[in-house]
Amino acid sequence: MSESRAANPSSAVYRVSKPRRRKRRWPQILFFTAIWLVAILVVLTGIGILWLRSADKAALPQLDGDIHLASQGAPALSAPVTVRRDQHGVPHIDAATQQDMFVAQGYVTAQDRLWQMDAYRRSANGELAEVMGPSLLRHDKAQRMFQFRNTAHRIYASMPPEERARYEAYARGVNLYIAQHQDSLPPEFRLLHYKPQPWTGADSVSIGMMMVDMLDTHWYTKLARERIAAKLQNPKLESDLYPVGSWRDHPPTGELLDLSQPHPELPSTSSDEDDERTQTLALPPANFPAPQGAPSELIALSMMGAPSMRGIIAHGWESTDFIISHLSSTFGQRACDGCTPGSNNWVIAGKHTASGKPLLSNDMHLGLNEPNIWYMADLRAPGFHAAGVTLPGVPFVVAGHNEHVAWGFTALYADVQDLYIENVQGNSYERGDTQWQPLTIDHETIHVRGRKDVNYDVRLTDHGPLLDPLFTKDSRAIALKWTLYDTTLNSIPLYSMNTASNWTEFSVALSQWCWPTQNVVYSDDQGHIAYHAVGKVPIRPAGIASVPISDAAHDWQGYIPFDDMPNTFDPPSGFLATANSRVTSDKSKYPLTNEWADPYRAERIYKLLQGHDQLKPTDMLNVQTDVYSEMDQELGHRLSYAIDHTANADDQLRKAADLMRSWDGRLTTDSAAASLVTQTRYTLRTMLLEPKLGKADAENYEWSESNFAEEEIVMHASPDWLPPSYKDWDAFLTDAVRRAIKDGKAPADITKWTYGSWHVVDIEHPLSEFLPIISRIAGTGPWPLSGDTTTVKQVGRAFGPSQRFTMDWSNIDGSTEDIVLGESGNPYSPWFRDQWADYYNGRTFALPFTPAAVSANTQHTLRLLP
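Residues numbered from 1 in each chain as written. Predicted model: local features only at pLDDT ≥ 70, side-chain atom pairs only at ≥ 80, totals over all residues. Heavy atoms only, no water.

Trainee: What's the story with the overall build of the protein in this structure? I'm lost.
Mentor: Each helix and strand in the protein was counted, giving 26 helices and 28 strands. Sorting the 866 residues of the protein into buried and exposed places 61% on the buried side. Considering only contacts in the protein between residues 6 or more positions apart, those separated by 24 or more positions represent 75%. For the protein, the accessible surface area stands at approximately 33,400 Å², while carbon and sulfur atoms represent 52% of it. (Helix = DSSP H or I, 4+ residues; strand = E, 2+ residues; numbered from the N terminus. Buried < 20%, exposed > 50% of the residue type's maximum accessible area, 1.4 Å probe, protein only. Contact = heavy atoms within 4.5 Å. Areas by Shrake-Rupley, 256 points an atom, 1.4 Å probe, with all protein chains shown as cover.)

And the structure:
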């Protein structure tokens with residue numbers, strides 16, 4: 001054996017080899033487990049998508065044929081109602097009685113927007129945590145603290161019987177739809193495992209309260225201003241940050257304005273003469289092509305949405321509406337710095353139009369949602385025929401026209417809130433100098449999904465509710481006084497506006513308007529035009545307080561009389577316009593607010609329209625989609641000058657200067673100069689504020705005229721604002737451009753830093769934050785976006801014109817109206833997003849009104865029968 005092994009070494013090796021090692025199998029196990037998990041996830045996702053598709057299709061409304069409406073065995077209608085849908089799914093409701101018409105309006109709106117309506121109702125009433133869990137508890141506490149549900153019930157109970165009957169009829173229609181579709185409700189109800197409660201008239205008022213809060217809430221700026229003023233300890237710097245109106249304002253007085261006058265001369269920033277390259281460019285023409293770059297196909301899936309509000313989020317607040325909790329990150333992004341709920345509206349007398357008849361336009365700037373905040377409708381019954389946009393969950397037409405009059409809104413921004421520092425001990429507070437009164441305690445119970453009910457006590461003084469320190473981050477007892485809490489104010493005159501036939505009747509209706517404060521423009525079939533500011537605005541003999549107060553000197557002494565609010569009828573100029581900026585003049589008897597919006601949109605509208613003749617509806621759309629910013633263009637020239645006069649500017653900065661000095665001021669998606677100027681504006685704000693306030697308070701600075709404040713500080717080169725680390729303003733501004741390029745992650749070739757590469761519109765479903773799969777299915781995704789917060793087309797990432805309307809009294813059926821996405825909240829409806837391409841590309845379409853036009857455009861006919 002030994003000889004054999006020696007003679008055959010390979011054999012010997014074979015016999016004495018070590019045992020074979022076992023291969024490691026765990027990598028394979030992990031690999032195949034991951035494959036299985038991915039496969040399971042894909043299958044589950046597919047099942048979920050199929051389920052959503054099935055649920056969506058089951059929830060599609062019936063559009064043709066007959067539906068019998070009965071409540072508890074009794075007919076819900078007195079006669080048949082015809083609902084004709086046009087090519088955009090807009091319902092044209094024709095009823096034998098007004099009560100039947102409102103029943104049909106509630107029913108048809110629920111067909112397209114039921115979950116949105118319920119989300120609005122729950123948001124306003126503070127009942128979201130009940131279906132969406134503890135993450136919405138903070139929101140619900142805020143809504144209960146603000147007393148929106150209680151206020152809505154008070155207003156509803158105070159309505160005249162005939163008005164309450166209209167709300168009840170609308171609610172009856174909603175409830176008939178809910179009762180008939182318990183097994184085919186919109187999929188959001190099934191995803192969240194709940195069913196809607198019966199609708200009430202008070203629920204409709206609650207949704208109205210949501211809009212009041214969105215448009216009239218300014219109290220948080222008073223708290224922020226108090227803190228910032230204390231930090232500055234300099235009245236001059238404070239006034240710089242908080243301007244009250246501006247030299248750019250154009251109040252709607254109806255007087256002929258000389259728009260050729262030059263701007264105020266700014267002090268020189270250097271001993272050198274301005275280079276010829278930095279001279280101001282001429283304004284571009286009004287007629288310009290619509291924004292380009294729209295994708296050829298629309299995203300197919302999306303769901304419902306809700307309105308959004310201004311930058312209250314920066315102070316730790318959620319708004320009254322549901323979407324704020326969802327869009328808070330959006331409003332915190334640079335893409336929407338300066339976005340404020342507002343609008344544009346204007347009216348032109350026939351002497352300036354091609355037809356000889358008035359033109360009226362309105363585009364209301366709010367949060368962009370899936371679906372839109374507005375629902376278009378045409379309502380017709382004996383004594384009533386109005387069309388335009390409605391608010392889902394609320395009867396009537398909010399903005400639009402009837403057979404004789406047309407109207408449009410913008411937010412007035414009047415100050416209707418004050419903060420009172422109360423002396424509270426235990427459950428009592430000091431009223432006056434010596435009187436002590438017990439606090440009123442409102443015991444609220446908030447239902448929270450998956451948790452025990454939360455008891456929440458709201459304490460109230462005679463001024464209003466005490467703000468919870470959870471929200472104010474202030475240990476003082478601060479009460480909010482608001483016109484909304486005045487028990488003598490309970491009127492919502494939409495019905496009277498909808499049925500008015502002339503200015504006399506319409507202005508009587510406006511005189512009953514309580515909130516929110518608004519600018520209303522008007523035109524009629526007799527050729528008249530008018531403007532009136534509306535809403536109850538307190539008279540404050542001691543002046544408007546911009547910070548919390550603790551004395552009786554600022555107590556309200558009634559409200560400004562309706563006739564003393566800014567107004568004009570058939571003005572000499574034949575032109576009136578508002579865009580949230582100052583509407584008072586030196587002749588105004590009472591101040592309305594200290595916080596107006598930036599003046600740029602109104603100024604631009606006046607320059608484009610006043611003094612022009614032969615105007616047509618297409619000219620109105622060109623103005624509504626205008627993306628030129630004089631302020632941005634002038635800032636671009638100033639930045640170019642700074643770079644030209646700074647020794648250490650590199651080649652990239654020199655190229656940036658060339659781009660900005662030759663820029664035409666239009667914020668188009670292909671513009672690199674627009675990126676440079678807007679990003680530098682954002683950077684400048686931080687660089688100016690943080691040295692004075694610190695980072696936290698700088699982030700809390702907010703003012704509706706903050707863009708104008710920044711413009712004045714920069715263009716006047718105030719030495720008080722120049723940070724000490726810079727030798728002059730040229731060096732400071734050059735460094736701001738340098739930082740903007742770096743922070744904005746601009747490419748090395750600055751000419752390729754196009755505005756649309758980062759400035760986008762991205763509309764999401766409100767449930768996407770809670771169910772991420774929905775964001776991939778339902779969202780629009782990011783689309784390049786032209787314009788900014790200083791252009792007539794005021795826009796942000798999820799903010800912009802929520803509708804566009806132009807009334808042409810020479811062709812009532814040619815009057816145009818469009819919303820953002822479409823009428824339906826169901827992704828499988830043909831009207832889910834059929835309007836998006838037109839909206840995005842700056843186009844619009846006619847809304848049929850007369851019976852003949854409606855009949856010619858009818859694509860579906862549904863009869864609602866007793």
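Trainee: Please clarify how the sheet that holds strand β14 (residues 428–431) should be interpreted in this entry.
Mentor: Each strand in a sheet pairs with its neighbour through backbone hydrogen bonds, running either in the same direction (parallel) or in the opposite one (antiparallel). Spatially, three strands are ordered β13-β14-β15 in an open sheet, and the strand pairing comes out antiparallel. Of all the strands in the sheet, just β13 (424–425) and β15 (435–438) have a single pairing partner and so form its edges. Where β13 and β14 come together, two bridges link them in antiparallel fashion. Bridge pairing links Val424 to Tyr429 in β14. (Pairing = 2+ DSSP bridges.)

Trainee: For this particular structure, what's the right way to read empty space enclosed by the protein?
Mentor: One way to see where empty space is left: roll a probe the size of a water molecule over the atoms. All chains considered together, the criterion is met by eleven cavities of 30 Å³ or more. Taken as a whole, the largest cavity encloses approximately 390 Å³ of empty space. If you go around the largest cavity, you meet 28 residues; those closest to its centre are Gly208, Met211, Val398, Trp513 and Pro516. Of all the elements in the fold, those that place two or more residues in the lining of the largest cavity are α10 (201–216), β6 (342–348), β7 (359–367) and β11 (405–411). Here the lining of the largest cavity takes seven residues from α10, the largest share from any one element. (1 Å grid on protein atoms, 1.4 Å probe; cavity = no way out; pocket = protein on both sides within 12 Å on 5 of 7 lines; lining within 4 Å. Points joined across faces, edges and corners; volume = space filled by probe spheres on them.)

Trainee: Would you take a moment to explain the nonpolar core for this structure?
Mentor: Generally speaking, a soluble globular protein has its nonpolar side chains buried in company with each other. Trp374, Phe506 and Leu864 are the most contacted members of the largest nonpolar core, which has 145 residues in total. Broken down by element, the residue count for this core peaks at 13 residues, all from helix α4 (residues 98–125). Ignoring sequence-local partners within four residues, the contact set of Phe506 consists of Val405, Trp407, Met497, Ala500, Val520 and Tyr522. Tyr682, Ile741, Ala746 and Ile750 belong to the second largest nonpolar core, which has 51 residues in total. (Core = buried A, V, L, I, M, F, W, Y, C linked by side-chain atoms within 4.5 Å.)

Trainee: Teacher, can you tell me more about the packing of helix α7 (residues 148–158) against α10 here?
Mentor: Axes are the key here: two packed helices are described by the angle between their axes and the distance separating the axes. Where α7 contacts α10, the axes come no closer than 8 Å and their chain directions differ by 120 degrees. Between α7 and α10, the crossing angle belongs to the class labelled oblique. Here α7 runs over α10; the crossing is right-handed. Contacts between α7 and α10 involve Phe148, Arg149, Thr151, Ala152, His153, Ile155 and Tyr156 from the first element and Gly201, Ala202, Val205, Ser206, Met209 and Asp213 from the second. Taken together, the residues of the contact of α7 with α10 break down into seven nonpolar, four polar and two charged. (Axes fitted to C-alpha atoms, helices over the stretch in contact; angles between N-to-C directions. Parallel < 35°, antiparallel > 145°, perpendicular 65-115°, else oblique. Left-handed = near helix turned anticlockwise from the far one by under 90°. Nonpolar A, V, L, I, M, F, W, Y, C, P; charged D, E, K, R; others polar.)

Trainee: Would you mind showing me how to read the environment of Pro243 here?
Mentor: Turning to its location among the elements, Pro243 is positioned in the loop between α12 (235–241) and α13 (323–332). Sequence-wise, Pro243 and Glu595 are 352 residues apart; in three dimensions their C-alpha atoms are separated by 7.7 Å. Sequence-distant contacts of Pro243, that is, excluding residues within four places in its chain, are made with Asn594, Trp703, Glu705, Phe708 and Ala709.

Trainee: Help me understand helix α6 (residues 137–145), please; the structure alone is not making it clear to me.
Mentor: Every α-helical turn comprises 3.6 residues, leaving residues that sit three or four positions apart pointing alike. In terms of burial, α6 is a largely internal element, eight of the nine residues being buried. The set of residues buried in α6 consists of Leu137, His139, Asp140, Lys141, Ala142, Gln143, Arg144 and Met145. Residues of α6 that are buried sit in contact with α4, α5 (129–132), α7, β16 (440–446), β17 (454–460) and α14 (469–472). Just beyond α6, the residue with positive phi is Gln147, at close to 65 degrees.

Trainee: What am I meant to see in a nonpolar patch on the surface here?
Mentor: Together, Phe31, Phe32, Ile35, Trp36, Leu37 and Ile40 line one region of the surface with nonpolar side chains, adding up to about 690 Å² of accessible area. Inspection of the secondary structure assignment puts Phe32 in helix α3 (residues 26–58). Relative accessible area serves as the criterion here: at 48%, Phe32 is assigned to the partly exposed category. (Patch = residues over 30% accessible without salt bridge, like charges linked within 9 Å, V, L, I, M, F, W, Y side chains within 5 Å. Salt bridge = Lys/Arg side-chain N within 4 Å of Asp/Glu carboxyl O.)

Trainee: When you look at the pairing of strand β18 (residues 478–482) in this model, what are you seeing that I'm missing?
Mentor: The two faces of the sheet receive side chains in turn, since in a regular strand these alternate between them. Of all five residues in β18, five are buried, a share of seventy percent or more. Of the two faces of β18, both are covered, the one formed by Ile478, Leu480 and Trp482 as well as the one formed by Ala479 and Lys481. Sheet topology places strand β12 (residues 417–421) next to β18; five bridges connect them, and they run antiparallel. The residue bridging Ile421 from the neighbouring strand is Ile478, located in β18.

Trainee: For this particular structure, what's the right way to read the side chain of Ser675?
Mentor: On the secondary structure map, Ser675 appears in helix α21 (residues 672–700). Engagement of the side chain of Ser675 in a polar contact is seen with the side chain of Trp758, the distance being 2.8 Å. Residues in contact with Ser675, not counting those within four places in the same chain, are Trp753, Thr754, Tyr755 and Trp758. (Polar contact = N/O pair within 3.5 Å; in protein donor to acceptor, adjacent residues only side chain to side chain.)

Trainee: So what exactly am I meant to see when it comes to the sheet that holds strand β21 (residues 567–569) here?
Mentor: The eleven strands lie next to each other as β1-β28-β4-β5-β8-β9-β10-β11-β19-β20-β21, forming an open sheet whose pairing is mixed. One side of each edge strand has no neighbouring strand; the edge strands of this open sheet are β1 (65–68) and β21. Averaged over all pairs of adjacent strands, the angle between their axes in this sheet comes to 20 degrees, without regard to strand direction. As judged from the three bridges shared by strand β20 (residues 529–534) and β21, these two strands associate in the antiparallel manner. Following the sheet pairing, Tyr531 is matched in β21 by Thr568. The strands touched by α4 are β1, β4 (81–85), β5 (91–94), β8 (375–381), β9 (384–390) and β28 (860–865); relative to β8, the strand with the most contacts, the crossing angle is about 160 degrees.

Trainee: Please clarify how the side chain of Ser815 should be interpreted in this entry.
Mentor: Mapped onto the elements of the fold, Ser815 is located in the loop between β26 (803–808) and β27 (816–819). A polar contact is formed between the side chain of Ser815 and the backbone oxygen of Ile812, at a distance of 3.3 Å. Ignoring anything within four residues of it in the chain, the contact list for Ser815 reads Thr806, Met807, Asp808, Phe845, Ala846 and Leu847.

Trainee: Teacher, can you tell me more about the packing of α4 against α6 here?
Mentor: Taken N-terminus to C-terminus, the directions of α4 and α6 make an angle of 65 degrees; their axes are 7 Å apart at the nearest point. Looking at the two axes, α4 sits roughly perpendicular to α6. Between α4 and α6, the contacting residues are Ser123, Ala124 and Asn125 on the first element and His139, Gln143 and Arg144 on the second. Residue composition of the contact of α4 with α6, by class: one nonpolar, four polar and one charged.

Trainee: So what exactly am I meant to see when it comes to the confidence of the model for the protein here?
Mentor: Detailed reading of the predicted coordinates is not advisable wherever pLDDT falls low. Taken over all residues, the pLDDT of the protein has a mean of 88, while the share at 70 or more is 85%. Every residue in residues 1–16 is under pLDDT 50, and counting partners more than four places away or in other chains gives two contacts. (pLDDT = per-residue confidence, 0-100.)

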